[in-house]
Structures are given as structure tokens and as C-alpha cells.
Amino acid sequence: MAATYDFPSDLLAGQEELHQVRAELLALLKRLPWSVEPLDGFSDTNGWRKVERPASPGWTADEQAEVEKLRQRERELAVFVSCHRFWSEVIPAETVDARASLKHAHEDPV
């Protein structure tokens with residue numbers, strides 16, 4: 001049976017926000033054109049698989065700013081979570097298990 005950890009509330013909140021920011025960033029990137037800069041479409045059938053891309057209008061300045069804002073917040077939260085003082089209290093042999101438990105702490109128990 002896996003150990004249970006008494007995570008501090010700020011660490012739990014940071015991890016939850018990190019999940020949310022990553023999901024928001026992923027959803028935004030899926031909606032945006034494939035290229036940041038405007039580029040012509042292409043088709044390459046010479047490789048081991050066919051690769052095609054439609055023409056890309058590029059990202060607007062607002063879209064680029066939104067992506068950068070989310071990436072910056074993601075970095076801040078990743079540093080906060082990974083460098084939190086809680087990790088100094090965890091036995092080194094249990095760090096991986098504790099980190100995995102934190103990543104799934106927001107999920108409903110089965």
C-alpha cells in the first residue's frame with residue numbers, strides 16, 4: 001500500500017493551479033495555427049509517412065502574449081512546487097512516490 005502524505009495546503013494549491021495552467025495552455029495551443037509566423041502550407045510524401053500542413057496565418061500579438069503569459073506562469077508554478085520546503089521533510093527514498101501522490105492528489109479516490 002502506498003504511503004499517504006500530509007501535503008501543505010499551499011503546495012496542494014500550487015499543484016492544482018499547475019494542472020489548470022497546463023490544461024489551459026494545451027487547449028490554447030491546439031486552437032492556434034501550427035506556426036507562430038505566417039507560412040505557406042506544404043506536403044511531403046517522400047518520407048516514411050506523409051506530412052501535410054495547411055497554410056498558417058501565424059499567431060496574433062495577443063495570442064503570442066497569452067501563450068507567453070501561460071508559459072511564464074507554468075514555469076513559476078513548477079519551480080514553486082518542485083522547490084517547496086515540504087520536499088526537505090520527505091525521506092529521499094520516498095520522494096518519487098510523494099511527488100506522484102501530489103500530482104494525483106486532486107483526483108477523486110477510487
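Refer to the structure presented above.
Being a predicted model, the structure only gives us computed values, none of them experimental. (Residues numbered from 1 in each chain as written. Predicted model: local features only at pLDDT ≥ 70, side-chain atom pairs only at ≥ 80, totals over all residues. Heavy atoms only, no water.)

## What about the side chain of Ser35?
Phase 1 of the analysis: Of note, Ser35 is situated in the loop between helix H1 (9-31) and strand S1 (42-44).
Phase 2 of the analysis: Its relative accessible area of 7% is what places Ser35 among the buried residues.
Phase 3 of the analysis: A polar contact of 2.6 Å, which involves the side chain of Ser35, links it to the backbone oxygen of Glu37.
Phase 4 of the analysis: With near-sequence residues (within four places) excluded, Ser35 lies in contact with Ser56, Gly58 and Trp59. (Helix = DSSP H or I, 4+ residues; strand = E, 2+ residues; numbered from the N terminus. Buried < 20%, exposed > 50% of the residue type's maximum accessible area, 1.4 Å probe, protein only. Polar contact = N/O pair within 3.5 Å; in protein donor to acceptor, adjacent residues only side chain to side chain. Contact = heavy atoms within 4.5 Å.)

## A look at the packing of H1 against helix H2 (residues 61-82)
Phase 1 of the analysis: Axis separation between H1 and H2 bottoms out at 9 Å; the angle between their running directions is 150°. Between H1 and H2, the interaxial angle falls into the category roughly antiparallel. By crossing handedness, the relation of H1 to H2 is classed as left-handed. The residues of H2 that touch H1, namely those facing Asp10, Leu11, Gly14, Gln15, Glu17, Leu18, Val21, Arg22, Glu24, Leu25, Leu28 and Leu29, are Glu66, Val67, Leu70, Arg71, Arg73, Glu74, Leu77, Ala78, Phe80 and Val81.
Phase 2 of the analysis: A per-class count over the contact of H1 with H2 returns 12 nonpolar, two polar and eight charged. (Axes fitted to C-alpha atoms, helices over the stretch in contact; angles between N-to-C directions. Parallel < 35°, antiparallel > 145°, perpendicular 65-115°, else oblique. Left-handed = near helix turned anticlockwise from the far one by under 90°. Nonpolar A, V, L, I, M, F, W, Y, C, P; charged D, E, K, R; others polar.)

## Observations regarding the packing of aromatic side chains
Phase 1 of the analysis: Using the criterion set out here, one finds five aromatic pairs in the structure.
Phase 2 of the analysis: Each member of the aromatic cluster is reached from another via a ring pair, and the members are Tyr5, Phe7, Phe86 and Trp87. (Phe/Tyr/Trp six-rings, centres within 6.5 Å; stacked < 30°, edge-to-face > 60°.)

## A short note on a nonpolar patch on the surface
Phase 1 of the analysis: On the surface, a cluster of nonpolar side chains totalling about 270 Å² of accessible area is made up of Trp34, Leu39 and Phe42.
Phase 2 of the analysis: With respect to the helices, strands and loops of the structure, Trp34 is situated in the loop between H1 and S1.
Phase 3 of the analysis: In this structure Trp34 comes out as partly exposed when scored by relative accessible area, which is 35%. (Patch = residues over 30% accessible without salt bridge, like charges linked within 9 Å, V, L, I, M, F, W, Y side chains within 5 Å. Areas by Shrake-Rupley, 256 points an atom, 1.4 Å probe, with all protein chains shown as cover. Salt bridge = Lys/Arg side-chain N within 4 Å of Asp/Glu carboxyl O.)

## What about the environment of Tyr5?
Phase 1 of the analysis: Relative to the elements of secondary structure, Tyr5 occurs in the segment before H1.
Phase 2 of the analysis: Each C-alpha atom of the pair Tyr5 and Leu102 lies 8.3 Å from the other, and the pair is 97 residues apart in sequence.
Phase 3 of the analysis: Tyr5 has contacts with Phe86, Glu94, Asp97, Ala98 and Ser101, leaving out every residue within four places of it along the chain.

## As for the side chain of Ser56
Phase 1 of the analysis: Tracing the sequence through the fold places Ser56 in the loop between strand S2 (51-53) and H2.
Phase 2 of the analysis: For Ser56, a relative accessible area of 4% corresponds to the buried category.
Phase 3 of the analysis: Polar side-chain contacts of Ser56 include one of 3.1 Å to the backbone oxygen of Ser35.
Phase 4 of the analysis: Filtering out sequence-adjacent residues up to four positions away, Ser56 remains in contact with Pro33, Trp34, Ser35, Glu37, Pro38 and Leu39.

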